[in-house]
Amino acid sequence: MEAIVQQFFNLAIMERALPLILSGLEQTIVICLLVIPLGLIGGLAFAIISLSRLRTVRWAAIAGIDFFRAIPPLVLLIFIYAGLPFAGLRPSPMLAVAIAFFLNTSSYYGEIYRAGIESVGQGQWDAARSTGLYGYQTLAYVVLPQAVRNVLPDLVSNTVEVVKLTSIASVVALPELLYSADMARSVTFNSSPIVLAAAIYLVMLWPIVRLISRLERRVAA
Amino acid sequence: MTTGALPILEIRGLRKRFHDVEVLRGIDLVVLPQQLVFVIGPSGSGKSTLLRCCNRLEEPSAGSIRVAGVDVMARSTDINAMRRQIGMVFQSFNLYPHMTALRNVTLALAKVLGKPRAEAERIGMAALDRVGLADKARSYPGELSGGQQQRVAIARALALEPKVMLFDEPTSALDPELVGSVLNVMRELKRGGMTMLVVSHEMRFARDAADRVIFMDHGVIVEEGPPQQMFSAPSEARTRAFIAELAR
């Protein structure tokens, strides 16, 4: 028992690792602030393109969504960071993370938006277009607000996944939360920093997970 | 009604094909200013498609449609500009559920006509007042009865001052006790000189408000005439059978 507390819940070691872990948290937050908006915007673009009246454009968007949903994000990240240099491109860790997450999360957000847009009936389009609104105005004022409302739990849920997924940035040596905690672990030969990092993820995400449950009830009602 | 007035709506040789099904097989129809033309016919006869072709919610396969003399199908015609002159009311109301009644009415005023907010709201309130719902301006569609929702939908079309209004079974989705309020609003519009093309099965309404009744079946106009004649002494057997069915 004593040994377990020493190895996993060592407060002295946690305290020593705290500055490093907090700087890792800062990096994680920076990554999130970069990739979540990118994903939300990219996803919306994917979704809108996939609604195109031109079949080839529509299929290209859907193929893109499918492709990047099927590729493991870790593979994508390593390919961009370690594979592209062979083509003469040498992205920084942050840029590689941004590109990989843009492609991966956009495709997920895109699919959610698409489901949301499809959940809004044709009648709404008909009504808006019959008053002379352009297609993009109909989308912006009439369809998207309802679509987003219908899929809000899924959008938030996916965002939680994105936050958790930022830990893969550690493989390209971006010193985010997990990377920092693991560094502290290897220096101290003690798992407590990892436990601390896990606790920070939990504290960050638990309220959002609760929120999702409430949103789901509201949408179901 | 002035004789020799230019038609508001002029449909010639209209055809519409969905894949290998021809839903409209050559429709010719003229609606003069201030007329109320009533379209009846069995479901699947193409009535709704006819209305939806008028503002190109459905793209006609052949034929021509003119609204106030303007060819709706011409490349040079701005269809969005035309659409606001062609009001449309739907069976299922299609109000925007996330907007108040007033905002439902003012959206196109603001975004299509570019009216400043205050003016859009003034026009919107006037339109809601015409359908007797000024006091419901701040209500959301979900808080209104079906009849009230449909009247808001009428106000939404009306606010754009259309030259003609298309009604696609406006009372079919309503509980019987709510039908009257919507028909009363339509009577008021008629009295105010609005030109209307109405798909509906409200025969009593057709008798006292329609100038002309058209019977459609299988994508063609089988017969047309004044309501008294159409309901009492139709000449075609198909029309007689359908009227008898309606009256049951």
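Going by the structure above, here's the rest.
Residues numbered from 1 in each chain as written. Chains lettered and ligands numbered in written order. Predicted model: local features only at pLDDT ≥ 70, side-chain atom pairs only at ≥ 80, totals over all residues. Heavy atoms only, no water.

1. So, the sheet that holds strand S4 (residues 62-67) of chain B
Within a sheet, each strand pairs with its neighbour through backbone hydrogen bonds, oriented either parallel or antiparallel.
Residue and element names in this part refer to chain B.
Then comes step 1: Pairing in this open sheet of 4 strands is antiparallel, and the strands run S2-S1-S4-S5 from one edge to the other. Edge strands, defined here as strands with exactly one partner in the open sheet, are strand S2 (21-31) and strand S5 (70-71).
Then comes step 2: The sheet contacts of helix H1 (residues 47-54) involve strand S1 (9-18), S2 and S4, and relative to S1 the element is tilted by about 115°. (Pairing = 2+ DSSP bridges. Helix = DSSP H or I, 4+ residues; strand = E, 2+ residues; numbered from the N terminus. Contact = heavy atoms within 4.5 Å. Axes fitted to C-alpha atoms, helices over the stretch in contact; angles between N-to-C directions.)

2. Some points on the interface of chain A and chain B
How big an interface is tends to be stated in terms of the accessible area lost upon association of its parts.
Then comes step 1: Contacts between chain A and chain B engage 16 residues on the former and 22 residues on the latter.
Then comes step 2: Area buried by chain A at its contact with chain B is led by Ser130, Thr131 and Tyr141 of chain A, which between them contribute 33% of it.
Then comes step 3: Where chain A packs against chain B, one counts 1 salt bridge.
Then comes step 4: Of the charged contacts, one joins Asp126 of chain A and Arg52 of chain B as a salt bridge, the two residues approaching to 2.8 Å between their closest N and O atoms.
Then comes step 5: Linking chain A to chain B there are 5 residue pairs in polar contact (both at pLDDT 80 or more). (Buried area = accessible area lost by both parts, 1.4 Å probe. Salt bridge = Lys/Arg side-chain N within 4 Å of Asp/Glu carboxyl O. Polar contact = N/O pair within 3.5 Å; in protein donor to acceptor, adjacent residues only side chain to side chain.)

3. Examining the environment of Asp66 of chain A
Then comes step 1: Locating Asp66 of chain A in the fold gives a position in helix H3 (residues 55-70).
Then comes step 2: Separated by 41 residues in the primary sequence, Asp66 of chain A and Ser107 of chain A have C-alpha atoms spaced 7.3 Å apart.

4. Focus: the nonpolar core
Then comes step 1: Counting residues in hydrophobic clusters, the biggest one holds 124 residues, and the most contacted among them are Ile11, Leu29, Phe38, Ile154, Met165, Phe167 and Leu197 of chain B.
Then comes step 2: Of the residues forming this core, the biggest block, 11 residues, is contributed by helix H7 (residues 135-165) of chain A.
Then comes step 3: With sequence-adjacent residues up to four places away left out, Phe167 of chain B is seen in contact with Leu51, Val89, Ile154, Met186, Leu189, Met196, Leu197, Val198 and Val199 of chain B.
Then comes step 4: Listed in part, the 11 residues of the second largest apolar core include Ala17, Leu177, Ala181 and Leu196 of chain A. (Core = buried A, V, L, I, M, F, W, Y, C linked by side-chain atoms within 4.5 Å. Buried < 20%, exposed > 50% of the residue type's maximum accessible area, 1.4 Å probe, protein only.)

5. Quick word on the sheet that holds strand S9 (residues 212-217) of chain B
Residues and elements named next belong to chain B.
Then comes step 1: Spatially, S6-S7-S8-S3-S9-S10 is the arrangement adopted by the 6 strands of the open sheet, whose pairing is mixed. This sheet does not close on itself; its edge strands, each paired only once, are strand S6 (86-89) and strand S10 (220-225). Each strand axis lies, on average, 20° off the axis of its neighbour in the sheet, ignoring direction.
Then comes step 2: Sheet topology places S6 next to strand S7 (residues 164-168); 4 bridges connect them, and they run parallel. Note on S7: the bridge partner recorded for Met88 is Leu166.
Then comes step 3: Across the sheet, helix H5 (residues 146-158) touches S6 and S7, and the angle it forms with S6 is around 170°.

6. Notes on the pairing of S1 of chain B
Residues and elements named next belong to chain B.
Then comes step 1: Summarising the sheet, S1 and S2 pair through 8 bridges and their orientation is antiparallel. Counterpart to Glu10 in the pairing with S2 is Val30.
Then comes step 2: The hairpin turn running from S1 into S2, its antiparallel successor, is 2 residues long, and His19 in that turn takes a positive phi close to 50°.
Then comes step 3: With 5 bridges connecting them, S1 and S4 associate as antiparallel partners. By the bridge assignment, Leu9 is partnered in S4 with Val67.

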